[in-house]
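What follows is the residue order along each chain.
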Amino acid sequence: MNFGLSEEQEMIVSTVRSFVEKEIYPHEAEVERTGQVPHELGEAIKQKTIDLGFYACNFPEEVGGAGLSHVDFTLVERELGRGSMALTHFFGRPQNILMACNDEQQRERYLLPAVRGERMDALAMTEPDAGSDVRGMKCSAVRDGGDWVVNGSKHFISGAEHADFFIVFIATGVDETPKGPKKRITTFLVDRGTPGFEVRDGYNSVSHKGYKNCILYFDNCRLPDAQVLGEVDGGFAVMNEWLYATRLTVAAFSVGRARRCFDYALNYAAERKQFGQQIGKFQGVSFQIADMITEIDAADWLTLAAAWRLDKNLPANREIASAKVYASECLAKVTDTTLQIFGGMGLMDDFPIERFWRDARVERIWDGTSEIQRHIISRDLLRPLGA
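Computed from a predicted model, the values in this text were never measured in an experiment.

Student: I'd love a proper account of the overall build of the protein chain, names of residues and values included.
Tutor: When helices and strands are tallied, the protein chain shows 10 helices and 10 strands. By the compact-globule yardstick of 21 Å for 387 residues, the protein chain fits well, its C-alpha radius of gyration being 22 Å. When the backbone C-alpha atoms are referred to their principal axes, the protein chain occupies close to 80 × 55 × 40 Å. Looking at the protein chain residue by residue over its 387 residues, the buried ones come to 49%. Sequence separation of 24 or more characterises 73% of the internal contacts of the protein chain that already satisfy a separation of 6 or more. In the form shown here, the protein chain has an accessible surface area of approximately 18400 Å², with 52% of it arising from carbon and sulfur atoms. Distance between charge centroids for the protein chain: 4 Å, based on 44 positive and 56 negative side chains.

Student: Residues and numbers for the nonpolar core, please.
Tutor: Core analysis: the biggest nonpolar cluster contains 49 residues, and Val16, Val76, Leu98, Leu111, Phe169 and Leu189 have the highest contact counts within it. Of all elements in the fold, only α1 (7–34), α2 (39–52), α3 (70–80), α4 (85–88), α5 (104–116), β4 (165–177), β5 (180–191) and α6 (235–271) reach the threshold of two or more residues within this core. With six residues, the single largest contributor to this core is α1. The contact partners of Phe169, leaving out residues within four places of it in the chain, are Ile97, Leu123, Ala124, Met125, Met137, Lys154, Ile185, Thr186, Thr187, Gly235, Val238 and Met239.

Student: Hey, could you go over the environment of Gln277 for me, with residue numbers and the actual values?
Tutor: Along the polypeptide, Gln277 turns up in strand β10 (residues 277–278). With sequence-adjacent residues up to four places away left out, Gln277 is seen in contact with Arg272 and Phe282.

Student: Break down a nonpolar patch on the surface for me, citing the residues and quoting the values.
Tutor: Taken together, the side chains of Met345, Leu347, Met348 and Trp357 define a hydrophobic patch exposed on the protein surface, amounting to about 370 Å² of accessible area. Note on placement: Leu347 falls in the loop between α8 (317–342) and α9 (353–360). The class of Leu347 is partly exposed, set by a relative accessible area of 46%.

Student: How would you summarise the pairing of β4 if you had to cite specific residues and measurements?
Tutor: Here strand β1 (residues 121–124) runs beside β4; their pairing, made up of four bridges, is parallel. Across the sheet, residue Asp121 finds its bridge partner in β4, namely Phe165. Of the strand pairs in this sheet, β4 and β5 are connected by 12 bridges, and their pairing is antiparallel. The residue bridging Val174 from the neighbouring strand is Lys183, located in β5.

Student: Describe the packing of α1 against α3, listing the residues and the values that go with them.
Tutor: Between α1 and α3, whose axes approach to 9 Å, the crossing angle comes to 25°. One finds that α1 runs roughly parallel with respect to α3. Remark: the crossing between α1 and α3 carries right-handed chirality. Taking contact as the criterion, the partners of Gln9, Ile12, Val13, Val16, Arg17 and Val20 in α1 are, on α3, Val71, Asp72, Leu75, Val76, Arg78, Glu79 and Leu80. Looking at the contact of α1 with α3 residue by residue, the classes come out as eight nonpolar, one polar and four charged.

Student: Give a detailed account of unusual backbone geometry, specifying residues and quantitative values.
Tutor: Unusually for a residue other than glycine, Ala56 sits at a positive phi of about 55°. Here Ala56 lies in the loop between α2 and α3.

Student: Can you lay out the pairing of β5 for me, pointing to particular residues and giving the numbers?
Tutor: Where β4 folds back onto β5 in an antiparallel hairpin, the turn is made up of two residues. Here β5 runs beside strand β8 (residues 228–229); their pairing, made up of two bridges, is antiparallel. Each residue of the ladder has a partner; that of Thr187, found in β8, is Leu229.

Student: Report on helix α10 (residues 370–382), specifying residues and quantitative values.
Tutor: Helix length check: α10, at 13 residues, gives a terminal C-alpha distance of 18 Å against a target of 18 Å (1.5 Å per residue), a fit within 8%. Of the residues making up α10, those classed as buried are Ser370, Gln373, Ile376 and Ile377. Projected onto a plane normal to the axis of α10, the buried residues spread over an arc of 120° and lie on a single side.

Student: Outline the pattern of salt bridges, listing residues and values.
Tutor: Counting across every chain of the model gives 32 salt bridges. Note that Arg93 is salt-bridged to Glu77, the shortest N-O span being 3.0 Å. In this pair, Arg93 is assigned in the loop between α4 and α5 and Glu77 in helix α3, connecting sequence segments 16 residues apart. On the basis of relative accessible area, Arg93 is assigned to the partly exposed category, the value being 24%. A salt bridge links Glu295 to Lys333; the shortest N-O distance between them is 3.6 Å. A residue pair is termed long-range when its members are at least 10 positions apart, and Glu295 in helix α7 (residues 283–311) and Lys333 in helix α8 qualify at 38 residues. Of the residues examined, Glu295 reaches a relative accessible area of 23% and is grouped as partly exposed. In the salt-bridge network here, residues are joined through shared partners; they are Arg17, Arg78, Glu79, Arg82, Arg259, Asp263, Asp297 and Asp300.

The rules behind the values
- Residues numbered from 1 in each chain as written.
- Predicted model: local features only at pLDDT ≥ 70, side-chain atom pairs only at ≥ 80, totals over all residues.
- Heavy atoms only, no water.
- Helix = DSSP H or I, 4+ residues; strand = E, 2+ residues; numbered from the N terminus.
- Rg over C-alpha atoms; globule rule 2.2 N^0.38 Å.
- Buried < 20%, exposed > 50% of the residue type's maximum accessible area, 1.4 Å probe, protein only.
- Contact = heavy atoms within 4.5 Å.
- Areas by Shrake-Rupley, 256 points an atom, 1.4 Å probe, with all protein chains shown as cover.
- Lys, Arg positive; Asp, Glu negative; His and termini not counted.
- Charge placed at Lys NZ, Arg CZ, Asp CG, Glu CD.
- Core = buried A, V, L, I, M, F, W, Y, C linked by side-chain atoms within 4.5 Å.
- Patch = residues over 30% accessible without salt bridge, like charges linked within 9 Å, V, L, I, M, F, W, Y side chains within 5 Å.
- Salt bridge = Lys/Arg side-chain N within 4 Å of Asp/Glu carboxyl O.
- Pairing = 2+ DSSP bridges.
- Axes fitted to C-alpha atoms, helices over the stretch in contact; angles between N-to-C directions.
- Parallel < 35°, antiparallel > 145°, perpendicular 65-115°, else oblique.
- Left-handed = near helix turned anticlockwise from the far one by under 90°.
- Nonpolar A, V, L, I, M, F, W, Y, C, P; charged D, E, K, R; others polar.
- Expected span 1.5 Å × (residues − 1).
- Arc of directions from axis to C-beta.

Here you go:
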């Protein structure tokens, strides 16, 4: 087994880390203060990413992407995790489920422009009464002639304020099963500005300032069959494809952010003096440093191992869930411990520690809560035993 990175992978890590440090770090404090990313800044980051050849690097070469492997792309996401999500959003990683575009019209209208950076997408699944329980969604579409008429809402839709079109999961029917009614889900492509469709400001979050969430409203919005992504009632097949990618992304992000936070803790412990010596010489602090780096390394390898399984076409559902839950909880511990090492100054905005601490909280919730990940893991282990 070879645990080392190839020369090309080392170059990917170095290039993306340098980009984040030069193009993202200098703007983080202002975005945090205002909660806004100026349009010109977002476009500049996008263009620099395109010039670098990394825009839509998660897509295959045949549609204009960089064709990175799952491991390579996980390394990219890990390095992007070091920076503000509001800004790295413009690094551009369109939803990979756009590969499900099943005809030339959809490819020309959505897939290819998204890969080229000409149109931005946002994914809409969550509703007020349908978070972890996806089948509980109430946003529905019914047939009317050759169209679908959509009514309902979605919320917590990240990146929606910048999106030109949306990938929306909508209930399109109900099946009666021995366990009760079971909703059928279909995925639709919805353009901003479609009559009956509105994007409104969402909630003010303490996590990831500037990376806003929005609320989508559908009021008798008519969508033709041409807007169906994949197959009618085949939304779960599309969804499962997406969840692999995003849960692994959360794990990679968490590792990158944890390493950045750890660097602050390590340097502060080596410099800050109390009782006549650096606080890192006290066992109470030095053991915390040791525990943090051990857990970060474990989260890193767990995440890369899950990506490696995907590259080898091996089952990876449990491994991705393990990476997501472990890395996101590792980030929570690292940010909290770093804040403790900094003491009172850790809560002041002179340092980004309090921001890392606030941002870390949401990683255990979105893209599948920690409880859902544990359910996936335990189900994978117990089902073969008939339990």
